[in-house]
Amino acid sequence: MALTTSHDVAVLGCGLMGSALAQALARGGKSVAVWNRTHQKAEALADNAITPIQEIGEAVRSAPLVVVCLATYDNALAALGPASDLTGTTLVNVGSAAPADVEAFGAWAGERGARYLDGSILGYPEQIGTEAAAILYSGSDGAWADHSESLQLLTPMSVWVSPDIKIASVLNVGLVGMFLVPAVSAFVEATTYMRGQGVDQAVLEALTPATFVTVQSETARVASAIAGGDFTTDQATIATYAQALDGAIDVMTELGLTPRVFAAAIENLNAAVDAGLGDLGFAAQTKIIATL
């Protein structure tokens, strides 16, 4: 494929996130080509630094760095099909996908001559260009070395995490899907309970940050214990937590509440006790989740 390199970066997909990415690159001084299946969205971004291009093959050929921000990886594969020769291109996909889909997409890109980085965005469109967002990249270290300056315009918190292309996705699934979403859901349950019992909003807002400090220290302790395999503790044991929460669901039910995340946490604690792990620390629950 003959790159025209008439632009520094091409962004494929002009939804809310894709538009934010293109605009952040343009603010950083890059010449940006944009493509969208519905061309009006691309046209809406046109200015001195952003050029809408109607044909995806032309958009891909116009820049050495191509950032793909489409709804699914299947959509990306379908859109990129006409641009089958990607020789000389660094392809960066910042959509969300399961690790297996990431690996398949990376293989597809490699077969067509592209260097590949997979990106996982931790943040919202309005946070792009600021330190409030983070983007994790995994894949070609050479591609990262060549294009990190451009990618860090999307957020200073742009980090290359591994040459294994699936790792950014694994981190996204783990930190956002498995941890952040249940944690915020648990906070919704807890706030519903506390406010229903008469806790003033100002008191709740004042005390919540102290809980976050405890969560930060506890998660660090858990991660270290799982990595080292030592689950002994001189703090509260799994059995202590399980005993303290015994009957809590009945109390919630009597109040007309259905705290599903809380119930799942109690179920895990009791399962760990039943497995003979009651005298160990919180992190020992890993033994009932997976064999590491």
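Just above, that's the structure.
Residues numbered from 1 in each chain as written. Predicted model: local features only at pLDDT ≥ 70, side-chain atom pairs only at ≥ 80, totals over all residues. Heavy atoms only, no water.

Draft legend 1. Structural context of the packing of aromatic side chains. On inspection of all chains with the given rule, the structure shows 6 aromatic pairs. Relative to Phe212, the ring of Phe187 lies with its centre 6.5 Å away and its plane at 50 degrees, an arrangement referred to as tilted. Placement of Phe187 in helix 7 (residues 167-196) and of Phe212 in helix 8 (residues 201-228) is noted, with a sequence separation of 25 residues between them. Looking at Phe187, the relative accessible area reads 36%, which means it is partly exposed. Members of the aromatic cluster, connected to one another through ring pairs, are Tyr73, Phe105, Trp108 and Tyr116. (Phe/Tyr/Trp six-rings, centres within 6.5 Å; stacked < 30°, edge-to-face > 60°. Helix = DSSP H or I, 4+ residues; strand = E, 2+ residues; numbered from the N terminus. Buried < 20%, exposed > 50% of the residue type's maximum accessible area, 1.4 Å probe, protein only.)

Draft legend 2. Layout of the pattern of salt bridges. For the structure on display, the rule yields 6 salt bridges. Note that Lys30 and Glu149 form a salt bridge whose closest N and O atoms lie 2.8 Å from each other. One end of the pair, Lys30, is in the loop between helix 1 (16-27) and strand 2 (32-35); the other, Glu149, is in helix 6 (residues 141-151), and 119 residues separate them in sequence. For Lys30, a relative accessible area of 15% corresponds to the buried category. Given a relative accessible area of 45%, Glu149 falls into the partly exposed group. A salt bridge links Arg115 to Asp146; the nearest nitrogen and oxygen atoms lie 2.9 Å apart. Note that Arg115 is positioned in strand 6 (residues 115-122) and Asp146 in helix 6, a separation of 31 residues in sequence. We classify Asp146 as exposed; its relative accessible area is 51%. (Salt bridge = Lys/Arg side-chain N within 4 Å of Asp/Glu carboxyl O.)

Draft legend 3. Molecular detail of the environment of Val92. Within the secondary structure, Val92 is located in strand 5 (residues 90-93). Sequence spacing of Val92 and Ala114 is 22 residues, and the spatial spacing of their C-alpha atoms is 9.7 Å. Excluding anything up to four places from it in sequence, Val92 contacts Leu65, Val66, Val67, Val68, Leu117 and Tyr137. (Contact = heavy atoms within 4.5 Å.)

Draft legend 4. Structural view of the pairing of strand 5. Residues Thr90 and Val92 line one face of strand 5 and the alternating positions Leu91 and Asn93 line the opposite face, and both faces are buried. You can see the chain leave strand 4 (residues 65-68), run along helix 4 (residues 73-80) and come back into strand 5, and the turn it takes is right-handed. Sheet topology note: the strand 5/strand 6 ladder contains 4 bridges and is parallel. For Thr90, the partnering residue across the bridge sits in strand 6 and is Arg115. Handedness of the β-α-β unit built from strand 5, helix 5 (residues 99-111) and strand 6 comes out right-handed. (Right-handed = clockwise from strand over helix to strand, strands pointing away. Pairing = 2+ DSSP bridges.)

Draft legend 5. Inspection of the state of the cysteines at higher detail. Scanning the model with the defined rule gives 0 disulfides in all. For the unlinked cysteine Cys14, the closest cysteine sulfur is that of Cys69, found at 9.1 Å. Cys14 sits in the buried class, given a relative accessible area of 4%. Looking at Cys69, the relative accessible area reads 13%, which means it is buried. (Disulfide = S-S within 2.5 Å.)

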